[in-house]
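The primary structure of each chain is shown beneath.
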Amino acid sequence: MRWIVLAWFVTSATYVFNRGTQRFRFWRQLSDHSTFLAPINIWCYLLSSIRPGPYIEPSWFPELEPLRANWQTIRDEALAVDAAQKIAAAANYTDIGFNSFFKTGWRRFYLKWYDAPHPSAESLCPVTTQLLQSIPSVKAAMFAQLPPGASLVRHRDPYAGSVRYHLGLVTPADPRCHIDVDGQQYYWRDGEPVIFDETYIHYAKNDTDVSRIVLFCDIERPMRFRWAAAVNRFVSNTLMRAAASPNETGDRIGLLNRLFKYVYAIRRAGKKIKAWHRPTYYVVKWALFGSIIVGVFYLI
(Lines give C-alpha, C1' and ligand atoms only; values in the text may rest on other atoms or scores of the structure.)
Protein backbone atom coordinates (compact mmCIF):
# COMPACT_ATOMS: atom_id res chain seq x y z
CA MET A 1 0.00 0.00 0.00
CA ARG A 2 2.72 2.47 0.94
CA TRP A 3 4.44 1.95 -2.42
CA ILE A 4 1.19 2.72 -4.24
CA VAL A 5 0.81 5.91 -2.20
CA LEU A 6 4.43 6.87 -2.87
CA ALA A 7 4.01 6.25 -6.61
CA TRP A 8 0.85 8.39 -6.67
CA PHE A 9 2.61 11.19 -4.81
CA VAL A 10 5.60 11.16 -7.19
CA THR A 11 3.34 11.01 -10.26
CA SER A 12 1.16 13.88 -8.99
CA ALA A 13 4.14 16.05 -8.00
CA THR A 14 5.78 15.45 -11.40
CA TYR A 15 2.56 16.49 -13.15
CA VAL A 16 2.39 19.72 -11.13
CA PHE A 17 6.08 20.45 -11.77
CA ASN A 18 5.61 20.14 -15.54
CA ARG A 19 2.27 21.92 -15.73
CA GLY A 20 2.44 25.09 -17.82
CA THR A 21 5.45 26.72 -19.48
CA GLN A 22 7.00 28.24 -16.36
CA ARG A 23 8.92 26.13 -13.84
CA PHE A 24 10.48 26.54 -10.44
CA ARG A 25 13.92 25.06 -10.02
CA PHE A 26 13.76 21.47 -8.81
CA TRP A 27 14.73 22.14 -5.17
CA ARG A 28 12.41 25.15 -4.97
CA GLN A 29 9.49 23.10 -6.26
CA LEU A 30 10.29 20.17 -4.00
CA SER A 31 9.62 22.22 -0.86
CA ASP A 32 6.68 24.18 -2.30
CA HIS A 33 3.22 23.60 -0.84
CA SER A 34 1.92 22.76 -4.33
CA THR A 35 4.09 19.62 -4.21
CA PHE A 36 2.57 18.41 -0.94
CA LEU A 37 -0.99 19.10 -2.16
CA ALA A 38 -0.33 17.59 -5.60
CA PRO A 39 -2.09 14.25 -4.82
CA ILE A 40 -5.28 16.23 -4.07
CA ASN A 41 -4.88 18.89 -6.74
CA ILE A 42 -4.38 16.44 -9.59
CA TRP A 43 -7.98 15.28 -9.13
CA CYS A 44 -9.15 18.86 -9.49
CA TYR A 45 -7.25 19.16 -12.77
CA LEU A 46 -8.36 15.80 -14.18
CA LEU A 47 -12.03 16.19 -13.24
CA SER A 48 -12.42 19.89 -14.01
CA SER A 49 -14.73 20.90 -16.86
CA ILE A 50 -12.58 23.95 -17.62
CA ARG A 51 -10.14 23.75 -20.50
CA PRO A 52 -6.56 23.85 -19.09
CA GLY A 53 -4.75 27.15 -19.47
CA PRO A 54 -3.55 30.13 -17.44
CA TYR A 55 -6.51 32.40 -18.30
CA ILE A 56 -10.18 31.42 -18.37
CA GLU A 57 -12.96 33.04 -20.38
CA PRO A 58 -15.42 34.89 -18.10
CA SER A 59 -18.24 33.29 -20.12
CA TRP A 60 -17.60 30.10 -18.11
CA PHE A 61 -19.02 31.93 -15.08
CA PRO A 62 -22.17 33.86 -16.13
CA GLU A 63 -23.27 34.01 -12.48
CA LEU A 64 -20.49 36.57 -11.85
CA GLU A 65 -22.02 39.17 -14.17
CA PRO A 66 -23.75 41.07 -11.27
CA LEU A 67 -20.29 41.87 -9.89
CA ARG A 68 -19.17 43.45 -13.15
CA ALA A 69 -22.52 45.25 -13.55
CA ASN A 70 -22.16 46.81 -10.08
CA TRP A 71 -18.43 47.49 -10.22
CA GLN A 72 -18.79 51.22 -9.56
CA THR A 73 -20.79 50.62 -6.38
CA ILE A 74 -18.23 48.03 -5.27
CA ARG A 75 -15.46 50.51 -6.07
CA ASP A 76 -17.11 53.19 -3.93
CA GLU A 77 -17.18 50.83 -0.94
CA ALA A 78 -13.56 49.80 -1.59
CA LEU A 79 -12.48 53.47 -1.69
CA ALA A 80 -14.27 54.11 1.60
CA VAL A 81 -12.48 51.15 3.19
CA ASP A 82 -9.17 52.41 1.79
CA ALA A 83 -9.83 55.94 3.09
CA ALA A 84 -10.38 54.44 6.55
CA GLN A 85 -6.97 52.68 6.16
CA LYS A 86 -8.62 49.26 6.55
CA ILE A 87 -6.94 47.70 3.50
CA ALA A 88 -3.83 46.63 5.35
CA ALA A 89 -1.29 43.95 6.15
CA ALA A 90 -2.24 41.42 8.82
CA ALA A 91 -1.17 42.05 12.38
CA ASN A 92 0.49 39.50 14.66
CA TYR A 93 0.98 36.70 12.11
CA THR A 94 -2.71 36.00 11.54
CA ASP A 95 -2.63 35.43 7.76
CA ILE A 96 -0.76 32.24 6.91
CA GLY A 97 -1.90 32.28 3.28
CA PHE A 98 -0.60 35.72 2.35
CA ASN A 99 1.93 36.57 5.05
CA SER A 100 4.93 36.66 2.69
CA PHE A 101 3.19 39.17 0.37
CA PHE A 102 3.02 41.93 2.95
CA LYS A 103 6.80 42.40 2.84
CA THR A 104 6.61 43.60 -0.78
CA GLY A 105 3.71 46.00 -0.27
CA TRP A 106 0.56 43.96 -1.00
CA ARG A 107 -2.46 44.73 1.22
CA ARG A 108 -5.96 43.25 1.71
CA PHE A 109 -9.35 43.67 3.36
CA TYR A 110 -11.31 40.42 3.65
CA LEU A 111 -14.97 40.41 2.67
CA LYS A 112 -15.54 36.68 3.23
CA TRP A 113 -13.42 33.55 3.47
CA TYR A 114 -15.08 30.16 2.81
CA ASP A 115 -17.85 31.16 5.19
CA ALA A 116 -20.22 34.01 5.97
CA PRO A 117 -18.89 37.57 5.49
CA HIS A 118 -16.71 39.03 8.23
CA PRO A 119 -18.72 41.33 10.56
CA SER A 120 -16.29 44.15 9.73
CA ALA A 121 -17.03 43.70 6.01
CA GLU A 122 -20.80 43.60 6.48
CA SER A 123 -20.59 46.86 8.43
CA LEU A 124 -18.38 48.74 5.95
CA CYS A 125 -19.41 47.09 2.66
CA PRO A 126 -23.08 46.09 2.87
CA VAL A 127 -23.79 46.12 -0.87
CA THR A 128 -20.66 44.21 -1.84
CA THR A 129 -21.13 41.52 0.82
CA GLN A 130 -24.77 41.03 -0.20
CA LEU A 131 -23.78 40.66 -3.84
CA LEU A 132 -21.10 38.11 -2.94
CA GLN A 133 -23.47 36.11 -0.75
CA SER A 134 -25.98 35.92 -3.60
CA ILE A 135 -23.45 33.99 -5.75
CA PRO A 136 -22.80 30.52 -4.24
CA SER A 137 -19.72 29.84 -6.40
CA VAL A 138 -17.88 32.76 -4.74
CA LYS A 139 -16.09 31.07 -1.84
CA ALA A 140 -13.81 33.90 -0.72
CA ALA A 141 -13.40 37.56 -1.50
CA MET A 142 -11.35 40.59 -0.53
CA PHE A 143 -10.25 44.00 -1.71
CA ALA A 144 -6.60 43.57 -2.74
CA GLN A 145 -4.32 46.56 -3.11
CA LEU A 146 -1.01 46.81 -4.94
CA PRO A 147 0.46 50.25 -4.15
CA PRO A 148 3.01 52.00 -6.38
CA GLY A 149 6.29 50.10 -6.33
CA ALA A 150 4.73 46.99 -4.77
CA SER A 151 5.06 43.50 -6.21
CA LEU A 152 4.20 39.84 -5.68
CA VAL A 153 6.94 37.25 -6.07
CA ARG A 154 6.58 34.22 -8.35
CA HIS A 155 4.38 31.66 -6.64
CA ARG A 156 1.66 29.06 -7.01
CA ASP A 157 -1.43 29.06 -4.82
CA PRO A 158 -1.80 25.86 -2.79
CA TYR A 159 -5.22 24.43 -3.59
CA ALA A 160 -6.63 23.83 -7.11
CA GLY A 161 -10.27 23.63 -6.05
CA SER A 162 -10.88 27.23 -7.10
CA VAL A 163 -9.94 29.71 -9.80
CA ARG A 164 -9.13 33.36 -9.24
CA TYR A 165 -11.33 36.31 -10.26
CA HIS A 166 -10.10 39.90 -10.35
CA LEU A 167 -12.43 42.82 -11.06
CA GLY A 168 -10.63 46.11 -11.68
CA LEU A 169 -11.88 48.83 -9.33
CA VAL A 170 -9.09 51.42 -9.23
CA THR A 171 -6.40 50.71 -11.81
CA PRO A 172 -3.67 52.56 -13.70
CA ALA A 173 -4.86 50.79 -16.90
CA ASP A 174 -1.18 50.62 -17.78
CA PRO A 175 0.98 47.63 -18.83
CA ARG A 176 3.50 48.67 -16.16
CA CYS A 177 0.95 47.46 -13.58
CA HIS A 178 0.29 43.88 -14.54
CA ILE A 179 -0.01 40.23 -13.55
CA ASP A 180 1.93 37.49 -15.31
CA VAL A 181 0.35 34.02 -15.28
CA ASP A 182 2.48 31.25 -16.77
CA GLY A 183 4.38 33.78 -18.86
CA GLN A 184 1.29 35.60 -20.20
CA GLN A 185 0.75 39.18 -19.02
CA TYR A 186 -2.50 41.02 -18.35
CA TYR A 187 -2.94 44.58 -17.06
CA TRP A 188 -6.02 45.54 -15.07
CA ARG A 189 -8.66 48.00 -16.28
CA ASP A 190 -11.49 49.64 -14.36
CA GLY A 191 -14.68 47.61 -14.53
CA GLU A 192 -13.07 44.69 -16.39
CA PRO A 193 -12.92 41.16 -14.97
CA VAL A 194 -10.14 38.65 -15.53
CA ILE A 195 -10.19 35.01 -14.44
CA PHE A 196 -7.07 32.87 -14.17
CA ASP A 197 -5.83 29.61 -12.71
CA GLU A 198 -3.79 30.65 -9.69
CA THR A 199 -2.04 27.27 -9.48
CA TYR A 200 0.09 28.21 -12.47
CA ILE A 201 3.22 30.16 -11.52
CA HIS A 202 2.31 33.84 -11.43
CA TYR A 203 3.55 37.18 -10.14
CA ALA A 204 2.46 40.82 -10.22
CA LYS A 205 4.03 44.26 -9.98
CA ASN A 206 3.03 47.91 -10.07
CA ASP A 207 5.60 50.24 -11.57
CA THR A 208 3.17 53.17 -11.88
CA ASP A 209 2.27 55.94 -9.44
CA VAL A 210 -1.36 54.77 -9.08
CA SER A 211 -2.43 52.34 -6.35
CA ARG A 212 -4.27 49.39 -7.90
CA ILE A 213 -7.33 47.98 -6.08
CA VAL A 214 -9.25 44.94 -7.32
CA LEU A 215 -12.08 42.79 -6.06
CA PHE A 216 -10.29 39.47 -5.57
CA CYS A 217 -12.41 36.29 -5.38
CA ASP A 218 -11.92 32.54 -5.16
CA ILE A 219 -14.48 30.92 -7.46
CA GLU A 220 -15.33 27.25 -7.10
CA ARG A 221 -13.73 25.27 -9.92
CA PRO A 222 -16.44 23.64 -12.08
CA MET A 223 -16.20 19.84 -12.05
CA ARG A 224 -17.46 17.27 -14.55
CA PHE A 225 -19.39 15.23 -11.99
CA ARG A 226 -21.59 16.11 -9.03
CA TRP A 227 -19.70 13.78 -6.71
CA ALA A 228 -16.42 15.49 -7.67
CA ALA A 229 -17.95 18.90 -6.94
CA ALA A 230 -19.15 17.62 -3.56
CA VAL A 231 -15.67 16.32 -2.68
CA ASN A 232 -14.13 19.63 -3.77
CA ARG A 233 -16.53 21.57 -1.53
CA PHE A 234 -15.78 19.29 1.41
CA VAL A 235 -12.00 19.68 1.02
CA SER A 236 -12.15 23.44 0.48
CA ASN A 237 -14.56 23.99 3.36
CA THR A 238 -12.27 21.98 5.65
CA LEU A 239 -8.82 23.01 4.44
CA MET A 240 -9.31 26.58 3.25
CA ARG A 241 -11.74 27.62 6.00
CA ALA A 242 -9.00 26.84 8.53
CA ALA A 243 -6.97 29.68 6.96
CA ALA A 244 -9.56 32.39 7.71
CA SER A 245 -7.85 35.66 8.69
CA PRO A 246 -9.50 38.62 10.49
CA ASN A 247 -9.58 42.26 9.47
CA GLU A 248 -10.09 43.27 13.08
CA THR A 249 -11.29 42.00 16.45
CA GLY A 250 -14.62 40.24 16.11
CA ASP A 251 -13.86 38.61 12.75
CA ARG A 252 -13.41 34.83 12.60
CA ILE A 253 -9.89 33.41 12.67
CA GLY A 254 -9.24 29.87 11.45
CA LEU A 255 -7.29 27.14 13.21
CA LEU A 256 -4.25 27.43 10.92
CA ASN A 257 -3.93 31.12 11.75
CA ARG A 258 -4.33 30.44 15.46
CA LEU A 259 -1.29 28.16 15.17
CA PHE A 260 0.64 30.28 12.68
CA LYS A 261 2.37 32.54 15.21
CA TYR A 262 3.98 29.45 16.77
CA VAL A 263 5.00 28.02 13.40
CA TYR A 264 6.44 31.39 12.39
CA ALA A 265 8.62 31.41 15.50
CA ILE A 266 10.34 28.31 14.05
CA ARG A 267 10.64 30.09 10.70
CA ARG A 268 12.30 33.09 12.36
CA ALA A 269 14.81 30.74 13.96
CA GLY A 270 15.49 29.26 10.53
CA LYS A 271 16.08 32.72 9.08
CA LYS A 272 18.66 33.42 11.79
CA ILE A 273 20.47 30.18 10.94
CA LYS A 274 20.33 31.06 7.23
CA ALA A 275 21.82 34.51 7.89
CA TRP A 276 24.55 32.94 10.01
CA HIS A 277 25.50 30.02 7.76
CA ARG A 278 23.50 29.09 4.62
CA PRO A 279 24.88 25.53 4.23
CA THR A 280 23.83 24.68 7.80
CA TYR A 281 20.37 26.09 7.12
CA TYR A 282 19.85 23.88 4.07
CA VAL A 283 21.18 20.79 5.83
CA VAL A 284 18.70 21.33 8.69
CA LYS A 285 15.85 22.17 6.28
CA TRP A 286 16.23 19.07 4.13
CA ALA A 287 16.86 16.84 7.14
CA LEU A 288 13.50 17.97 8.57
CA PHE A 289 11.72 17.50 5.24
CA GLY A 290 13.28 14.09 4.82
CA SER A 291 12.31 13.02 8.32
CA ILE A 292 8.68 14.07 7.75
CA ILE A 293 8.46 12.24 4.43
CA VAL A 294 10.04 9.06 5.81
CA GLY A 295 7.81 9.22 8.88
CA VAL A 296 4.63 9.56 6.80
CA PHE A 297 5.82 6.75 4.50
CA TYR A 298 6.24 4.29 7.36
CA LEU A 299 2.98 5.30 9.03
CA ILE A 300 0.98 4.29 5.95
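The structure presented is a predicted model; accordingly, all values stated were derived computationally and were not measured. (Residues numbered from 1 in each chain as written. Predicted model: local features only at pLDDT ≥ 70, side-chain atom pairs only at ≥ 80, totals over all residues. Heavy atoms only, no water.)

## Comments concerning the overall build of the chain
When its secondary structure is counted, the chain shows 11 helices and 10 strands. For the chain, the C-alpha radius of gyration of 19 Å lies close to 19 Å, the compact-globule estimate for 300 residues. The principal-axis extents of the C-alpha atoms in the chain amount to approximately 55 × 50 × 40 Å. Within the span of the chain, comprising 300 residues, buried residues form 46% of the whole. Of all intrachain contacts in the chain linking residues separated by at least 6 positions in sequence, the fraction that spans at least 24 positions is 75%. Of the charged side chains in the chain, 36 are positive and 24 negative; the average position of the first set lies 11 Å away from that of the second. (Helix = DSSP H or I, 4+ residues; strand = E, 2+ residues; numbered from the N terminus. Rg over C-alpha atoms; globule rule 2.2 N^0.38 Å. Buried < 20%, exposed > 50% of the residue type's maximum accessible area, 1.4 Å probe, protein only. Contact = heavy atoms within 4.5 Å. Lys, Arg positive; Asp, Glu negative; His and termini not counted. Charge placed at Lys NZ, Arg CZ, Asp CG, Glu CD.)

## What to know about a nonpolar patch on the surface
A surface patch of nonpolar side chains, amounting to about 420 Å² of accessible area, comprises Leu-255, Leu-259, Tyr-262 and Val-263. Since its relative accessible area comes to 46%, Val-263 is described here as partly exposed. (Patch = residues over 30% accessible without salt bridge, like charges linked within 9 Å, V, L, I, M, F, W, Y side chains within 5 Å. Areas by Shrake-Rupley, 256 points an atom, 1.4 Å probe, with all protein chains shown as cover. Salt bridge = Lys/Arg side-chain N within 4 Å of Asp/Glu carboxyl O.)

## Here we look at the packing of aromatic side chains
Considering all chains together, one arrives at 14 aromatic pairs under this definition. Within the aromatic cluster, the residues linked to one another by ring pairs are Phe-98, Phe-101, Phe-102, Trp-106, Tyr-110, Trp-113, Tyr-114 and Phe-216. Over the ring of Tyr-200 we find Arg-19, and its NZ or CZ is 4.1 Å from the ring centre. (Phe/Tyr/Trp six-rings, centres within 6.5 Å; stacked < 30°, edge-to-face > 60°. Lys NZ or Arg CZ within 6 Å of the ring centre and 35° of its normal.)

## Things to note about the nonpolar core
Counting 35 residues, the largest nonpolar core has Phe-98, Trp-106, Trp-113, Met-142, Ile-179 and Trp-188 as the members making the most contacts within it. Breaking this core down by element, the ones donating at least two residues are α1 (2-18), α4 (38-47), β2 (107-113), β3 (138-146), β6 (177-181), β8 (193-196) and β10 (212-220). Sort the elements by how many residues they give to this core and β3 lands first, with 4 residues. Not counting chain neighbours up to four residues away, the residues in contact with Met-142 comprise Phe-98, Trp-106, Arg-108, Phe-109, Tyr-110, Leu-111, Trp-113, Val-214, Leu-215 and Phe-216. Counting residues in hydrophobic clusters, the runner-up holds 30 residues, among them Leu-131, Val-170, Ile-195 and Leu-215. (Core = buried A, V, L, I, M, F, W, Y, C linked by side-chain atoms within 4.5 Å.)

## So, the sheet that holds strand β7 (residues 184-187)
An order of β4-β9-β6-β7 is seen for the 4 strands of this open sheet, with the pairing classed as antiparallel. Edge positions in the sheet fall to β4 (151-155) and β7, since each has one partner strand and no second. Within the sheet, the average angular offset between the axes of one strand and its neighbour, ignoring direction, is 20°. (Pairing = 2+ DSSP bridges. Axes fitted to C-alpha atoms, helices over the stretch in contact; angles between N-to-C directions.)

## What to know about the sheet that holds strand β1 (residues 55-56)
On the basis of which strands lie adjacent, the open sheet formed by 6 strands has the order β1-β8-β5-β10-β3-β2 and antiparallel pairing. A strand with exactly one partner marks an edge of an open sheet, and here the two such strands are β1 and β2. Relative to β8, β1 runs antiparallel, the two being bridged by 2 bridges. Pairing of Ile-56 across the sheet is with Ile-195, part of β8.

## Quick look at the domain arrangement of the chain
Taken domain by domain, the chain comprises domain 1 (55-243) and domain 2 (254-299). Of note, the centres of domain 1 and domain 2, computed from C-alpha atoms alone, are 29 Å apart. Taken together, the contacts link 11 residues of domain 1 with 9 residues of domain 2. Summed over both sides, the interface of domain 1 with domain 2 buries roughly 850 Å², with 59% coming from carbon and sulfur. On the domain 1 side of the interface with domain 2, the three residues burying the most area are Tyr-93, Ile-96 and Ala-242, jointly 64% of the side's total. Summed over the shared surface of domain 1 and domain 2, the number is 0 salt bridges. (Domains from an automatic or database assignment. Buried area = accessible area lost by both parts, 1.4 Å probe.)

## Description of a positive patch on the surface
Together, Lys-103, Arg-267, Arg-268, Lys-271 and Lys-272 make up a region of like positive charge exposed at the surface. On the secondary structure map, Arg-267 appears in helix α10 (residues 255-276).

## Structural notes on the side chain of His-155
Looking at the secondary structure, you find His-155 in strand β4. Here His-155 falls in the buried class, since its relative accessible area comes to 9%. A polar contact of 2.7 Å, which involves the side chain of His-155, links it to the backbone oxygen of Val-153. In this structure, His-155 is in contact with Phe-24, Phe-101, Tyr-200, Ile-201 and His-202, ignoring residues within four places of it in sequence. (Polar contact = N/O pair within 3.5 Å; in protein donor to acceptor, adjacent residues only side chain to side chain.)

## Quick look at the side chain of Asn-257
Summarising the element assignment, Asn-257 is placed in helix α10. Within the structure, the side chain of Asn-257 is placed 3.3 Å from the backbone oxygen of Thr-94, a separation counted as a polar contact. The residues touching Asn-257, leaving out its near neighbours within four places in the chain, are Tyr-93, Thr-94, Asp-95, Ile-96, Ala-242, Ala-243, Ala-244 and Ser-245.

## Let's talk about the pattern of salt bridges
Tallying each qualifying case throughout the model produces 16 salt bridges. The salt bridge involving Arg-28 is made with Asp-32; its shortest N-O contact spans 2.8 Å. Looking at Arg-28, the relative accessible area reads 35%, which means it is partly exposed. Judged by its relative accessible area of 6%, Asp-32 is buried. Ionic pairing is found between Lys-205 and Asp-207, a salt bridge with its closest N-O pair at 3.8 Å. Take Asp-207: its relative accessible area is 46%, and that puts it in the partly exposed class. A network of salt bridges, in which partner residues are shared, links Asp-157, Arg-164, Glu-198 and Asp-218.

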